[in-house]
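The primary structure of each chain is shown beneath.
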Amino acid sequence: MNMKNTSRRPLVVGNWKMHGSLESVTTLLNFLRHELQNNTVVDVAVCAPFVHLPLCRELLTISGIQWGAQNVSEHTVGAYTGEIAASMLADLGCRYVLVGHSERRALFGEMDAMVIAKIKQVLEAGLKPILCVGETLAERECDATEAVIARQLHAVLGALTSEQLAELVVAYEPVWAIGTGKTASPEQAQAVHAYIRQLWKEKQPEQAERLIVLYGGSVKADNARLLFTQPDVDGGLVGGAALDQNQFCAIVNAAEQAWNH
């Protein structure tokens, strides 16, 4: 039987991407605030578009749900039109910031050096980076999954101090499973999560068992329980299902059940 490490609290993070109106976000947040008010097992957060972060602060401050951003500038301050500094996110009460998401890497050309610079900005502002790593379908089909993960993680592990690394959350995104309806099997997810933890252990042996590693490939209510019961899967980075209030609550409940099992 797979056993969960009870020293790691499960974390479920919703990534809304570029979705949501003031009306729909208000409805969603009010629903989550009500339905998850008795949750004491799972850490829950939503990563909203920048324009909705003030509403998250307004509606979630008295709840147990945290909020965060989907991106951040690699610069501290200055003449960078359209950019958002980590200090601004801190002012809005953010807890988490996604860094290195596959869509940022693929669509906006973010390389490892930029990812590292952004992580440092997030840490300097006192926030927690969620570092996203993962392989494309072509990379998986040529058995390059571990090589890709190793490159992305080694870049970060070699650039940050032990104290900085202790603040990171890692999210494994099999890029081939995002928005495609495909999902890595629980066994596939567990294998990569275990590999991530092993890479961390090689550099930071005292931190490896405390590292939170999320699965981020089309998590839905009907697959969350099996994914979350895997010993090295500590929760989920949820995309489309995070916009469905019932689905998202069911995913949080699946995490609670996996840890209470």
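Figured I'd write up the structure that's included with this text. Fair warning: this is a prediction, and the values are worked out from it, not measured in the lab.

All right, on to the overall build of the chain then. Of the regular secondary structure elements, the chain holds 11 helices and 8 strands. Taking 18 Å as the expected radius of gyration for a compact globule of 261 residues, we find that the chain reaches 17 Å, a close match to that expectation. A principal-axis box enclosing the C-alpha atoms of the chain has dimensions of 45 × 45 × 35 Å. The buried share of the chain, taken over its 261 residues, is 52%. A separation threshold of at least 6 residues defines the contact pool for the chain, and within that pool the share at least 24 residues apart is 73%. For the chain, the computed accessible surface area is about 11,800 Å², with 53% contributed by carbon and sulfur atoms. Of note, the chain has its 21 positive side-chain charges centred 2 Å away from the centre of its 28 negative side-chain charges.

Turning our eyes to something else, we now look at the side chain of Gln 207. Here Gln 207 shows up in the loop between α9 (186-203) and β7 (213-215). Separated by 3.2 Å, the side chains of Gln 207 and Trp 200 make a polar contact. With near-sequence residues (within four places) excluded, Gln 207 lies in contact with Ser 162, Leu 165, Ala 166 and Trp 200.

Right, let's get into the environment of Asn 30. Examined against the element boundaries, Asn 30 turns out to sit in helix α1 (residues 22-35). Judged by relative accessible area, Asn 30 falls into the partly exposed class, the value being 29%. C-alpha of Asn 30 to C-alpha of Gln 245: the two residues are 215 residues apart in sequence and 9.8 Å apart in space. Among the polar contacts made by the side chain of Asn 30, one reaches the side chain of Arg 33 at a distance of 2.8 Å.

Thresholds applied
- Residues numbered from 1 in each chain as written.
- Predicted model: local features only at pLDDT ≥ 70, side-chain atom pairs only at ≥ 80, totals over all residues.
- Heavy atoms only, no water.
- Helix = DSSP H or I, 4+ residues; strand = E, 2+ residues; numbered from the N terminus.
- Rg over C-alpha atoms; globule rule 2.2 N^0.38 Å.
- Buried < 20%, exposed > 50% of the residue type's maximum accessible area, 1.4 Å probe, protein only.
- Contact = heavy atoms within 4.5 Å.
- Areas by Shrake-Rupley, 256 points an atom, 1.4 Å probe, with all protein chains shown as cover.
- Lys, Arg positive; Asp, Glu negative; His and termini not counted.
- Charge placed at Lys NZ, Arg CZ, Asp CG, Glu CD.
- Polar contact = N/O pair within 3.5 Å; in protein donor to acceptor, adjacent residues only side chain to side chain.

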